[in-house]
Amino acid sequence: MIRRVAVFGATGSIGTSALDVIARHPQRLRASVLAAGSNVSALIALCATHRPDHAVIADPSGLTALRSGLRAAGLATQAHAGMAALDALAVDAEACDTVVAAIVGAAGLDSTLAALRAGKRVLLANKESLVLAGDLMMRAAREAGAVIVPIDSEHNAIHQCLPADGDRSGVARIVLTASGGPFRGRDRAALAEVTPAQAVAHPKWSMGPKISVDSATLMNKGLELIEAHHLFATPSERLDVLVHPQSLVHSLVEFIDGSTLAQLGLPDMRTALAVGLGSPERIASGVSGLDLLQHGRLDFEAPDTDTFPCLALARAALIAGGTAPALLNAANEVAVSAFLQGRIRFLAIPALVEHVLAALPTLPADSLDVLRDADAQARRAAGQAIDSGVVH
Ligand code: NDP
Ligand code: MG
């Protein structure tokens, strides 16, 4: 049976990589739903190439342009708008059996949760949803029998190394690798004046702007610790981070017998996406194999949490639990967006996250409403701190 794949965040870095892999396997895979945030023209162009049944633009003001663009291109693709349409297509059995969750930020939570509740196969790139509501998402997946394939390269690597039967009793430690980002080796003074253009220029991975900034602050690795905690039911004390600048070893699992398994490959997200799209079989992704002779060496070093405090802030939020990760994530989203707009400096990103976590209480996270409320409060507190110049 052909897998019908909904790509949420189709116009983004992960979305286009997913479509690249899908297009290589017309006998096996079909892009049945494509969704974007507000970029109508890019969405129409993707529809012309992939001919999905449905196209969704989250921003409702884009519907007229989407509809007329699809008609002008002679496509039978149905046009939809708004986040509710996304949720409806995520659960629709006709529309898709697989969902690539590749929207950036907490905006991806509802559609991802909807897909999980409907028992879909979810290729999860949208790490912010897990940070915000990991317990609820994992429970929803268990209850509905949904399969989650982690797409984040580290988690996809761990997924490949762990026993497929879900038995974690032999696992001693999970080690997430980190490239260190564009500012690895610098001290705080050297980071005072860095620009958004410098921060998004990642040395190894080509990614969207938000995750690129997260990689530069090391918040990305912090979010990934929380992501790993949920995906692999592993406590903070058995999750470690190792900086590996070549980005060839994508993560490692250490077992109690002294064995360590790692997954290696070129830094190209199409490998992880092919694992999710093809599984249980291996399918071609367009990524070449790894020539270790050509690369020559693999280096490892400890992360510098003094210069990059976001990693320690995220670790503390993971240990605190409750609403703390939701507060951390929301404050970080506001901070990264303000930094990209030139409104705050790079070093204000960790300062703002720390400010919000100190200003708001951490509550037990026993419902989605509590988490959404924490998210909204953190966004408000972060916005006020920027507007009032408390953090700049
Ligand atoms: P991009 O910024 O490249 O793409 C984001 C996508 O989300 C775009 O299609 C965008 O649409 C869409 N979008 C944005 N806001 C909304 C919204 N409110 N509603 C619906 N759609 C929206 O991001 P990436 O592809 O880099 O990252 C996507 C996710 O994957 C993130 O959570 C990131 O952390 C994760 N990830 C990414 C990796 C990578 O290599 N890029 C690696 C590991 C994880 P539009 O174009 O219209 O704005
Ligand atoms: Mg990653």
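Throughout, residues of each chain are indexed from 1 in the direction in which the sequence is written. Chain labels run from A onward and ligand labels from 1 onward, assigned in the order the entries are written. A pLDDT threshold of at least 70 governs which residues receive local features in this predicted model, and a stricter bar of 80 or more applies before side-chain atom pairs are shown or counted, although totals over entire chains, interfaces and linings include all residues. Side-chain numbers here rest on the full set of heavy atoms in the structure, without hydrogens or water.

Moving on: the nonpolar core. Definition used in this section: a nonpolar core is a set of buried Ala, Val, Leu, Ile, Met, Phe, Trp, Tyr and Cys residues joined via side-chain atoms within 4.5 Å. Exposure classes here rest on a 1.4 Å probe applied to the protein chains alone. A residue is buried below 20% of its type maximum, exposed above 50%, and partly exposed in between. Counting residues in each nonpolar core, the largest one holds 97 residues, and the members touching the most others are Phe8, Leu116, Phe183, Val253, Leu328, Ile344 and Phe346. Considering every element that reaches this core, the biggest residue donor is helix H15 (residues 324-340), with eleven residues. Aside from chain neighbours lying at most four places away, what touches Val253 is Ile158, Cys161, Leu162, Val171, Arg173, Ile174, Ser259, Thr260 and Leu261. Counting from the N terminus, the helices are DSSP H or I runs at least four residues long and the strands are E runs at least two residues long. Any two residues whose heavy atoms approach within 4.5 Å at even a single point are treated as in contact.

Before going further, it helps to examine helix H4 (residues 83-91). Residues of H4 that are buried include every one of Ala85, Leu86, Leu89 and Ala90, and no others. Taken down its axis, H4 places every buried residue within 140 degrees of arc, on the same side. Residues of H4 that are buried make contact with strand E1 (3-8), strand E2 (29-36), strand E3 (54-57), strand E4 (78-81), strand E5 (98-101) and helix H5 (109-117). To be clear, the arc concerns the directions from the helix axis to the C-beta atoms.

Before going further, it helps to spend a moment on the pairing of strand E11 (residues 260-264). Two strands qualify as a pair provided DSSP detects at least 2 bridges between them. The sheet contact formed by strand E10 (residues 249-255) and E11 spans five bridges and is antiparallel. By the bridge assignment for E11, Val249 is matched with Leu264. Where E10 folds back on E11, the antiparallel hairpin that results is connected by four residues, among which Gly258 adopts a positive phi of roughly 95 degrees.

Within a sheet, each strand pairs with its neighbour through backbone hydrogen bonds, oriented either parallel or antiparallel. Within the open sheet, the seven strands sit side by side as E4-E3-E2-E1-E5-E6-E7. Their pairing is parallel. At either margin of the open sheet sits one strand with a lone partner, and together these are E4 and strand E7 (147-150). The mean inter-strand angle of the sheet, taken between neighbouring strand axes irrespective of direction, is 20 degrees. Bridge count for strand E6 (residues 121-124) against E7 is four bridges, and the pairing is parallel. Residue pairing across strands places Arg121 opposite Val147, the latter belonging to E7. The angle between two axes is taken between their N-to-C directions and runs from 0 to 180 degrees, where each axis is a line fitted to C-alpha atoms and a helix contributes only its stretch in contact. Most of the contacts of helix H1 (residues 13-23) go to E2, to which it runs at about 160 degrees, and overall it touches E1, E2 and E5. Taken strand by strand, H4 contacts E1, E2, E3, E4 and E5, and its axis lies near 150 degrees from that of E3.

Once that is clear, we can look at the side chain of Thr112. Looking at the secondary structure, you find Thr112 in helix H5. On the accessibility criterion, Thr112 (2% relative accessible area) is buried. Not counting chain neighbours up to four residues away, the residues in contact with Thr112 comprise Ala101, Val122, Leu124, Asn126, Ser129 and Met137.

Here a residue is near a molecule or strand as soon as one of its heavy atoms is found within 4 Å of it. In the vicinity of ligand 1 lie 26 residues, with Thr11, Ser38, Asn39, Glu128 and Gly208 positioned nearest. Here an oxygen atom of ligand 1 and a backbone polar atom of Gly9 are 3.2 Å apart. Polar contacts, as counted here, are pairs of nitrogen or oxygen atoms within 3.5 Å of one another; within protein the pair requires one atom able to donate a hydrogen and one able to accept it, and residues that are adjacent in sequence qualify only if both atoms are side-chain atoms. Here an oxygen atom of ligand 1 and a backbone polar atom of Gly37 are 2.9 Å apart. At the level of secondary structure, the elements contributing two or more residues to the shell around ligand 1 comprise H1, helix H6 (127-144) and helix H10 (209-217). Residue composition of the shell around ligand 1, grouped by class: 14 nonpolar, nine polar and three charged. Under the scheme applied, nonpolar residues are Ala, Val, Leu, Ile, Met, Phe, Trp, Tyr, Cys and Pro; charged residues are Asp, Glu, Lys and Arg; polar residues are all the others, including Gly.

Moving on, we get to the packing of helix H11 (residues 219-231) against helix H14 (residues 310-320). With their axes 7 Å apart at the nearest point, H11 and H14 run at an angle of 25 degrees to one another. In terms of axis orientation, H11 runs roughly parallel to H14. Once H11 is placed against H14, the crossing between them reads as right-handed. Counting all contacts with H11, which are made through Met219, Lys221, Gly222, Leu223, Leu225, Ile226 and His229, the residues of H14 involved are Cys310, Leu311, Ala314, Arg315 and Leu318. Among the residues making up the contact of H11 with H14, the classes are represented as eight nonpolar, two polar and two charged. For classification purposes, an angle smaller than 35 degrees is called roughly parallel, one larger than 145 roughly antiparallel, one from 65 to 115 roughly perpendicular, and anything else oblique. Throughout, a crossing is termed right-handed when the near helix is turned clockwise from the far one, and left-handed when it is turned anticlockwise from it by less than a right angle.

Put simply, two rings from Phe, Tyr or Trp (the six-membered ring, in Trp's case) pair if the centres are within 6.5 Å, and we call them stacked under 30 degrees between planes, edge-to-face over 60, tilted for the rest. Counted by the stated rule, this structure contains two aromatic pairs. Note on Phe183 and Phe346: the rings are 5.2 Å apart at their centroids and 85 degrees apart in plane angle, and the pair reads as edge-to-face. With Phe183 in the loop between strand E8 (171-178) and helix H8 (188-191) and Phe346 in the loop between H15 and helix H16 (348-359), this pair connects stretches of sequence that are 163 residues apart. Relative accessible area serves as the criterion here: at 1%, Phe183 is assigned to the buried category. Ring centres 5.6 Å apart and planes at 65 degrees place the aromatic pair Phe339 and Phe346 in the edge-to-face group. Taking relative accessible area as the criterion, Phe346 reaches 2% and is therefore assigned buried. Among the aromatic residues, those joined into a cluster by ring pairs are Phe183, Phe339 and Phe346.

Our focus in this paragraph is the packing of H6 against H11. Where H6 meets H11, the axes come as close as 9 Å, and the angle between the chain directions of the two elements is 20 degrees. Between H6 and H11, the crossing angle belongs to the class labelled roughly parallel. Note that H6 runs across H11; the crossing there is left-handed. Listed contacts from H11 to Lys127, Leu130, Val131, Gly134, Asp135 and Met138 of H6 are Asn220, Leu223, Glu224, Ile226, Glu227, His230 and Leu231. By residue class, the composition of the contact of H6 with H11 is six nonpolar, three polar and four charged.

What follows deals with the domain arrangement of the protein chain. For the domain bounds, the source is a domain assignment made automatically or taken from a database. For the protein chain, the domain assignment lists domain 1 (3-150), domain 2 (166-267 + 291-310) and domain 3 (321-385). Placing a centre on the C-alpha atoms of domain 1 and another on those of domain 2 gives a separation of 27 Å. Contact with domain 1, which involves eleven residues of that partner, is made by 13 residues of domain 2. Buried area between domain 1 and domain 2, summed over both chains or domains, comes out near 1,000 Å², and the portion from carbon and sulfur atoms is 70%. By buried area we mean how much accessible surface two parts lose on assembly, using a 1.4 Å probe and totalling the loss over both. Summed over the three residues of domain 1 that lose the most area to domain 2, namely Lys127, Leu130 and Val131, the buried surface amounts to 48% of that side. Just to be clear on terms, a salt bridge is a Lys or Arg side-chain nitrogen sitting within 4 Å of an Asp or Glu carboxyl oxygen. At the boundary of domain 1 with domain 2, the tally comes to two salt bridges. Of the charged contacts, one joins Lys210 and Glu128 as a salt bridge, the two residues approaching to 2.9 Å between their closest N and O atoms. One can count five residue pairs in polar contact (both at pLDDT 80 or more) joining domain 1 with domain 2. Counting residues per element, the ones that place at least two in the side of domain 1 that touches domain 2 are H6 and E7. Broken down by element, the residue count for the side of domain 1 that touches domain 2 peaks at seven residues, all from H6.

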